[in-house]
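# Reading the structure
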Amino acid sequence: MAKQWTVGNRTHSYRVAEGWGTLPEGMRYGYTHGVCVDSEDRVYIHHTGKPSVVVFDRDGKFLTSWGEEFEGGAHGFYLHREADGRESLYFADTKRKLMVKTTLDGEVLLEVGQPDRPDLYDEERKYVPTDVCVAPNGDIYVSDGYGQYYIHQFNAKGVYIRSWGGRGSGPGQVIEPHGISLNPRSAEPELYVADRRNHRIQVFTLEGEHKRFVEHDLDLPCGFYFHGDEVYIPDLNSRVTILDGEDRLITHLGEDQQAYKQKGWPNLPKSYYRPDKFSSPHGVCVDSRGDVYVVEWISDGRVTKLVREK
């Protein structure tokens, strides 16, 4: 009988769904950077190969693929339910330096480029967006995680509003603001920023005012997925972290304290990887049944489904 791999703890236990999400013949992943799930539990994988968006049903059956234009630039990936009830996908493209909004089947609805801030950007000081999220009023927030380390706010039509951040470790400053998301659990909406190289989360108002830090139990946080009162965080240093409604640790999933210390990481020999251990989680999402999907920053991609058992 085949071994059944499990991860988690007493309150959050998951079974590894080995072999989930087989690609069609001839299709290969690049670096798997993002994952989203829609209201029908269809799973969208975003990777740097071509086509860069691959869609599966919750059982792992391939449905469709699209997004050739994101080849080599796939990074931030966010699904948002609009005010009219329709769902849209938002992308942060590191290669083309764009925020792109599309329908669920890839029709481009909006593109937003570098903000007109010559005091921040020029030929030497580059703009490289890494993630995007949307506020209840439709405002769009883009994190410049690989450029000058600023957060930029635009309205729903892409008109620039404001910026804040900059390199540093003090309140309001960031080093590699890799991921950004809206915290829906608070009485007033907040922005969570994965201040990755400071090994922390920084929380802001929607106007960019610093509120607090979350600094414990994080190890290179890449982004966020809010599910109920909990938040799921892909820690690049080889684990997925789950925090409760007060941002206290519930558990780490698939933690491997040796993986990120290996020579050549994240692109390790195939023989190293184990079904119940992560190496370089970059994106995570949770479906309506509580099942967790994790994608990892690995040159030929890695996708894991964890089926919630309790």
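Notes on the structure follow. Fair warning: this is a prediction, and the values are worked out from it, not measured in the lab.

The rules behind each value
Residues numbered from 1 in each chain as written. Predicted model: local features only at pLDDT ≥ 70, side-chain atom pairs only at ≥ 80, totals over all residues. Heavy atoms only, no water. Patch = residues over 30% accessible without salt bridge, like charges linked within 9 Å, V, L, I, M, F, W, Y side chains within 5 Å. Areas by Shrake-Rupley, 256 points an atom, 1.4 Å probe, with all protein chains shown as cover. Salt bridge = Lys/Arg side-chain N within 4 Å of Asp/Glu carboxyl O. Lys, Arg positive; Asp, Glu negative; His and termini not counted. Charge placed at Lys NZ, Arg CZ, Asp CG, Glu CD. Helix = DSSP H or I, 4+ residues; strand = E, 2+ residues; numbered from the N terminus. Phe/Tyr/Trp six-rings, centres within 6.5 Å; stacked < 30°, edge-to-face > 60°. Buried < 20%, exposed > 50% of the residue type's maximum accessible area, 1.4 Å probe, protein only. Lys NZ or Arg CZ within 6 Å of the ring centre and 35° of its normal. Pairing = 2+ DSSP bridges. Axes fitted to C-alpha atoms, helices over the stretch in contact; angles between N-to-C directions.

On to a negative patch on the surface. The grouping of E68, E69, E71 and E111 at the surface amounts to a negative patch. Within the secondary structure layout, E71 lies in the loop between β6 (62-66) and β7 (76-81).

What follows deals with the packing of aromatic side chains. Counting across every chain of the model gives 17 aromatic pairs. An angle of 55° between the planes, with centres 5.2 Å apart, marks the rings of W20 and F56 as tilted. With a gap of 36 residues between them, W20 in the loop between β2 (13-16) and β3 (32-37) and F56 in strand β5 (residues 53-56) connect regions that are remote in the sequence. Judged by relative accessible area, which is 10%, W20 ranks as buried. The class of F56 is buried, set by a relative accessible area of 0%. A centroid spacing of 4.2 Å and a plane angle of 20° characterise the contact between F70 and F91, whose relative ring orientation is stacked. In this pair, F70 sits in the loop between β6 and β7 while F91 sits in strand β8 (residues 87-93), placing the two residues 21 residues apart along the sequence. Neither F70 nor F91 differs from the other in exposure class; each is buried. Between the NZ or CZ atom of R96 and the centre of the ring of F70, over which it lies, the distance is 5.1 Å. Lying across the ring of Y272, R274 places its NZ or CZ 5.3 Å from the centre.

Look at the link from K50 to P51: it is a cis peptide, with omega at -5°. Here P51 shows up in the loop between β4 (43-47) and β5. Positioned with a positive phi, H199 is a non-glycine residue whose angle comes to about 55°. Its identity is not glycine, yet S238 carries a phi of approximately 70°, on the positive side. Tracing the chain through its elements places S238 in the loop between β20 (230-235) and β21 (239-243).

Turning to the sheet that holds β20, a few remarks are in order. Reading across from one edge, β19-β20-β21-β22 is the order of the four strands in this open sheet, with antiparallel pairing throughout. Where the open sheet ends on each side, the last strands, each with one partner, are β19 (225-227) and β22 (249-253). When the angles between neighbouring strand axes are averaged without regard to direction, this sheet yields 20°.

This part covers the pattern of salt bridges. Under the criterion given, the structure shown has 25 salt bridges. Ionic pairing is found between D195 and R200, a salt bridge with its closest N-O pair at 2.7 Å. Comparing D195 with R200, the two get one shared label, buried. The closest approach of N and O atoms between E296 and R302, which form a salt bridge, is 2.8 Å. One connected set of salt bridges, linked through shared partners, spans D41, R58, D287, D291 and K305.

Any functional reading would require information beyond the geometric quantities listed.
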